[in-house]
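Here's the letter readout for the chains.
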Amino acid sequence: MINRQEFARRRRALMAQMEENSIAILPAAPERTRNRDIEYLYRQDSDFWYLSGFPEPEAVMALIPGREHGEFVMFCRERNREMETWHGYRAGPEGAVSDHGADDAFPIGDIDEILPGLIEGRDRVYYDLGRDLEFDRQVMNWVNSIRAKVRSGAHPPGEFLALTHALHDLRLFKSAAEIKVMRRAGEIAAAAHIRAMKAVQAGMYEYQLEAEYLHEFMRNGARAPAYPSIVGGGKNGCILHYINNDQKLKNGDLVLVDAGAEYCNYASDITRTFPVNGKFSAEQQALYEVVLASQSAAIDRVRPGSHWNEPHEAAVSVLTQGMKDLGLLNGDVNSLIETEAYRRFYMHRTGHWIGLDVHDVGDYKVHDEWRVLEPGMVMTVEPGIYVAPDDETVAAKWRGIGIRIEDDVAVTRAGHEVFTSDVPKAVADIEKLMKKNRRAA
Ligand code: GLY
Ligand code: MN
Ligand code: MN
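It should be emphasised that the depicted structure is a prediction, and the values quoted were computed from it without experimental measurement.

Visitor: Would you mind showing me how to read the site of ligand 1 here?
Guide: Residues in close proximity to ligand 1 include Tyr227, Asp258, Asp269, His352, His359, Glu382 and Glu406, which together make up its full environment. Here an oxygen atom of ligand 1 and a side-chain polar atom of His359 are 2.7 Å apart. Summarising the interface, the protein chains cover 86% of the accessible area of ligand 1, which totals 190 Å² for the free molecule. At a threshold of 2 Å from the grid points, most atoms of ligand 1 map onto the second largest pocket.

Pasting the structure below:
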């Protein structure tokens, strides 16, 4: 869990980077309709949550470094006995102060009267335009209401600045408490993959295997997956964002499952590819070993001092050599890499930052150079090979095989730590786990 002191530390770190005489304004995520008057399960905006830990919609926070009467001001829903009976607990402005560290808090209904007064006299407004058009308009209205009063001496802000750069750079470096939560998110997702390897049977629907994941996530306190789970049997494993998950799993096919849990708002992101009947075929194993070796080479490059692209380059090199050895690609390995011929079978990148968002924030390049890895950064490493079912450039035996192996890896002082290593990925280990269970079943 992230404690109040840590949220306060984050706000201080951000405010220390804000220009003099400025204000930052951040809205909570809006509720989103799923059908008619029913909303999706609410998820707070990651930036808003990172700085406040405040879990409710209809809230706005203002950070005003140096403000005498308090630097952290929250606007939120008032407590309301009837609404709380129907929809659940609200902190109210009182709770925003007592439980979430706000220096000052007001009902959200009063924001039009109060916030322009907080903006007035500040030279700069940190606000991310273009993310929420509705809220953009509100911010403009507040600023315009100050501009309308210049003749009576009002001082409107002269500049809008993006908050994202400083804030997202803070979010890129995970604290000890964040690492602990992310380790747990990884363990929960790993347990779910183990459970699925034990449960899978030919004839099952993909969604029935997905149910094993959701149950394991939830019973461990991860109330939602970090993203819609991908459960692709056979050739469906070649569709990168396959989420229909409505086909039957077949004897002799692999199943590719990309499923991660969201725990305390932090994501995990694991892919495993395993045989529906518990045993890899010769072709499946041959391709799988190439992907596994490429992942291992990429994970080796995750260490302080490597740059962001090194794991990807290592993966591409092993994948290309391996595909050439198996006859999927022909020619000189260096030129296959240079001409990106490997992209026919490996068309995505080897990873992304991960944190509060599954594809987390943070720059991948600094001044046009790949970013150098430092302790506290967490990324996924997820190479794959996908041979389209209708790819006539390769022998028929390879067609329709899709494989990805994905783990979550933190950069540490000594090198790296894999958060998701509990779930096996070596062929022999997967087959052993699946066989043991089959015999017992
Ligand atoms: N599950 C999304 C990804 O692997 O990036
Ligand atoms: Mn994934
Ligand atoms: Mn991923």
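Visitor: What should I look at first to understand the sheet that holds strand β13 (residues 266–267) in this one?
Guide: Working definition: the strands of a sheet are paired by backbone hydrogen bonds and lie parallel or antiparallel to each other. Taken together, three strands build an open sheet; the order of strands is β9-β12-β13 and the sheet is antiparallel. At either end of the open sheet lies a strand with only one pairing partner, and these are β9 (224–225) and β13. Where β9 lies against strand β12 (residues 261–263), two bridges are found, and the strand directions are antiparallel. Bridge pairing links Ala224 to Glu262 in β12.

Visitor: Is there a simple way to explain the environment of Arg183 in this structure?
Guide: Within the element layout of this structure, Arg183 appears in helix α8 (residues 176–199). Measuring from C-alpha to C-alpha, the distance between Arg183 and Gly121 comes to 45 Å, with 62 residues separating the pair along the chain. Filtering out sequence-adjacent residues up to four positions away, Arg183 remains in contact with Glu417 and Phe419.

Visitor: What's the story with the coordination of the manganese ion (ligand 3) in this structure? I'm lost.
Guide: Reference values for coordination geometry: four tetrahedral donors around a metal ideally subtend 109.5 degrees, six octahedral donors ideally subtend 90 or 180 degrees. The protein atoms donating to the manganese ion (ligand 3) are Asp269 (OD), His352 (NE2), Glu382 (OE) and Glu406 (OE), with metal-donor distances spanning 2.0 to 2.2 Å. Sequence spacing among the residues donating to the manganese ion (ligand 3) works out to D-x82-H-x29-E-x23-E. We classify Glu406 as buried; its relative accessible area is 0%.

Visitor: Looking at this structure, I do not really get the pattern of salt bridges. What am I missing?
Guide: Working definition: two side chains of opposite charge can pair if their charged atoms are close together. Counted according to the given criterion, the structure contains 28 salt bridges. With a closest N to O distance of 3.3 Å, Glu178 and Arg10 form a salt bridge. Placement of the pair is Glu178 in helix α8 and Arg10 in helix α1 (residues 4–17), with a sequence separation of 168 residues. When its relative accessible area of 4% is taken as the criterion, Arg10 is described as buried. Notably, a salt bridge pairs Glu216 with Arg195, separated by 2.8 Å at the nearest N-O pair. Of this pair, Glu216 sits in helix α9 (residues 206–219) while Arg195 sits in helix α8, and the two are 21 residues apart along the sequence. Residue Glu216 is classed as buried on the basis of its relative accessible area, which comes to 7%.

Visitor: Would you explain the pairing of strand β11 (residues 254–259) in this entry?
Guide: Remember that side chains alternate between the two faces of the sheet whenever the strand is regular. Among the six residues that make up β11, six are buried, leaving the element largely enclosed by the rest of the structure. Bridging between strand β10 (residues 230–233) and β11 involves four bridges; their strand directions are antiparallel. Looking at the pairing, Gly233 lines up with Val255 of β11. Bridging between β11 and strand β14 (residues 270–275) involves six bridges; their strand directions are antiparallel. When the bridges of β14 are listed, Leu254 appears paired with Pro275.

What counts as what
Residues numbered from 1 in each chain as written. Chains lettered and ligands numbered in written order. Predicted model: local features only at pLDDT ≥ 70, side-chain atom pairs only at ≥ 80, totals over all residues. Heavy atoms only, no water. Near = heavy atom within 4 Å. Polar contact = N/O pair within 3.5 Å; in protein donor to acceptor, adjacent residues only side chain to side chain. Areas by Shrake-Rupley, 256 points an atom, 1.4 Å probe, with all protein chains shown as cover. 1 Å grid on protein atoms, 1.4 Å probe; cavity = no way out; pocket = protein on both sides within 12 Å on 5 of 7 lines; lining within 4 Å. Sits in = over half its atoms within 2 Å of the grid points. Pairing = 2+ DSSP bridges. Helix = DSSP H or I, 4+ residues; strand = E, 2+ residues; numbered from the N terminus. Contact = heavy atoms within 4.5 Å. Donors = N, O, S within 2.8 Å, 3.2 Å for Na, K, Ca; no water. Buried < 20%, exposed > 50% of the residue type's maximum accessible area, 1.4 Å probe, protein only. Salt bridge = Lys/Arg side-chain N within 4 Å of Asp/Glu carboxyl O.

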